[in-house]
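So you can see what is in the structure, the chains are spelled out below.
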Amino acid sequence: MNWATWAAFSAAEPELAKTVEERFGAYTHHTLATLRKDGSPRTTGLEVRFLNGELWLGMMPGSLKALDLRRDQRFALQANPGDGTGMGGGDVRISGRAIEVDDPETRAGYAKEVEPPEPFHLFRTELMEVVRTYVEDDTYLVVQVWKPGEPVRTLKRT
């Protein structure tokens with residue numbers, strides 16, 4: 001399976017990466033899906049940060065989502081769609097794996113930028129897929145799909 005950092009995705013597809021960052025930047029809280037011990041899904045709220053070419057997930061100590069990721073690194077992340085039914089910029093989802101960061105220097109750099117409450121779990125992400133879905137000209141449902149090592153595929157439906 002191919003994985004990519006946020007920096008690699010941004011270099012490969014700068015326009016889509018910019019749109020995705022803007023969608024996540026529009027709201028503070030987003031939805032993270034992880035896998036529970038029994039394999040069933042868990043969805044929880046989460047704040048994300050794009051810093052230094054990485055997509056970071058920070059969490060409170062001992063949170064269930066952090067424990068889920070320690071056990072199984074796979075995740076799916078969806079940007080907050082916003083108020084009402086308008087989804088300016090479209091629906092944006094990212095899936096991949098989250099790797100916990102224990103390196104004191106990396107954690108200190110993140111803490112300096114973000115100022116999270118201490119202590120905290122910190123995960124850097126490796127992407128498996130980025131998807132944007134939006135409506136074009138009030139006619140077409142457009143789905144853009146990116147996977148590492150592949151160009152963006154664009155699908156249109158009426």
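### Things to note about the layout of surface pockets
Step number 1: In this structure, the largest pocket encloses a volume near 340 Å³.
Step number 2: Lining the largest pocket are 18 residues, with Glu-47, Gly-58, Met-59, Pro-116 and Pro-117 sitting closest to its centre.
Step number 3: Residue assignment for the lining of the largest pocket shows that the elements contributing at least two residues are strand S2 (41-46), strand S4 (54-59) and helix H4 (104-114).
Step number 4: Each residue belonging to the lining of the largest pocket can be placed in one class, and the counts come to 10 nonpolar, four polar and four charged.

### Topic: H4
Step number 1: Looking at H4, one finds that the buried residues are Arg-107, Tyr-110, Ala-111 and Val-114. Down the axis, H4 shows its buried residues gathered within 100° of arc, on one side only. Turned more than 90 degrees from where H4 packs its buried face, Glu-105, Lys-112 and Glu-113 sit exposed.
Step number 2: In this structure, the buried side of H4 is in contact with strand S3 (48-51), S4 and strand S7 (121-136).

### What to know about the pairing of S7
Step number 1: Note: S4 against S7, four bridges, orientation antiparallel. Pairing of Gly-58 across the sheet is with Leu-122, part of S7.
Step number 2: Here strand S6 (residues 91-100) runs beside S7; their pairing, made up of 10 bridges, is antiparallel. In the strand pairing of S7, Ile-94 is matched with Val-130.
Step number 3: Looking at chain direction, S7 and strand S8 (residues 140-146) are connected through seven bridges and run antiparallel. By the bridge assignment for S8, Tyr-134 is matched with Val-142.
Step number 4: Counted between consecutive antiparallel strands, the loop separating S7 from S8 contains three residues, among which Asp-137 sits at a positive phi close to 55°.

### Some details on the nonpolar core
Step number 1: Counting 25 residues, the largest nonpolar core has Leu-57, Leu-77 and Ile-94 as its most contacted members.
Step number 2: Mapped onto this core, the elements with two or more residues apiece are helix H1 (6-12), helix H2 (14-25), S4, helix H3 (64-71), strand S5 (74-78), S6 and S7.
Step number 3: Here this core gets four residues from one element, more than from any other, and that element is H2.
Step number 4: If near-sequence neighbours (up to four positions away) are discounted, Leu-77 is found in contact with Phe-24, His-30, Thr-31, Leu-32, Leu-46, Val-48, Leu-55, Leu-57, Val-92, Arg-93 and Ile-94.
Step number 5: Grouped together as the second largest cluster of nonpolar side chains are eight residues, Val-101, Ala-111, Val-114 and Phe-120 included.

### Comments concerning unusual backbone geometry
Step number 1: Look at the link from Glu-118 to Pro-119: it is a cis peptide, with omega at -10°.
Step number 2: Looking at the element boundaries, Pro-119 is found in the loop between H4 and S7.
Step number 3: In the Ramachandran plot, Asp-137 falls in the positive-phi region, its phi being about 55° despite a non-glycine side chain.
Step number 4: Mapping Asp-137 onto the fold places it in the loop between S7 and S8.
Step number 5: Given a relative accessible area of 61%, Asp-137 falls into the exposed group.
Step number 6: Positioned with a positive phi, Asp-138 is a non-glycine residue whose angle comes to about 50°.
Step number 7: Mapped onto the fold, Asp-138 is located in the loop between S7 and S8.
Step number 8: Under the relative-accessibility criterion, Asp-138 is labelled exposed at 78%.

### Regarding the pattern of salt bridges
Step number 1: The final tally for this structure, using the stated rule, is 11 salt bridges.
Step number 2: Here Asp-68 makes a salt bridge to Arg-42, at a shortest N to O gap of 2.6 Å. Of this pair, Asp-68 sits in helix H3 while Arg-42 sits in strand S2, and the two are 26 residues apart along the sequence.
Step number 3: Under the relative-accessibility criterion, Asp-68 is labelled buried at 1%.
Step number 4: Overall, the relative accessible area of 13% leaves Arg-42 in the buried class.

Criteria and thresholds
Residues numbered from 1 in each chain as written. Predicted model: local features only at pLDDT ≥ 70, side-chain atom pairs only at ≥ 80, totals over all residues. Heavy atoms only, no water. 1 Å grid on protein atoms, 1.4 Å probe; cavity = no way out; pocket = protein on both sides within 12 Å on 5 of 7 lines; lining within 4 Å. Points joined across faces, edges and corners; volume = space filled by probe spheres on them. Helix = DSSP H or I, 4+ residues; strand = E, 2+ residues; numbered from the N terminus. Nonpolar A, V, L, I, M, F, W, Y, C, P; charged D, E, K, R; others polar. Buried < 20%, exposed > 50% of the residue type's maximum accessible area, 1.4 Å probe, protein only. Arc of directions from axis to C-beta. Contact = heavy atoms within 4.5 Å. Pairing = 2+ DSSP bridges. Core = buried A, V, L, I, M, F, W, Y, C linked by side-chain atoms within 4.5 Å. Salt bridge = Lys/Arg side-chain N within 4 Å of Asp/Glu carboxyl O.

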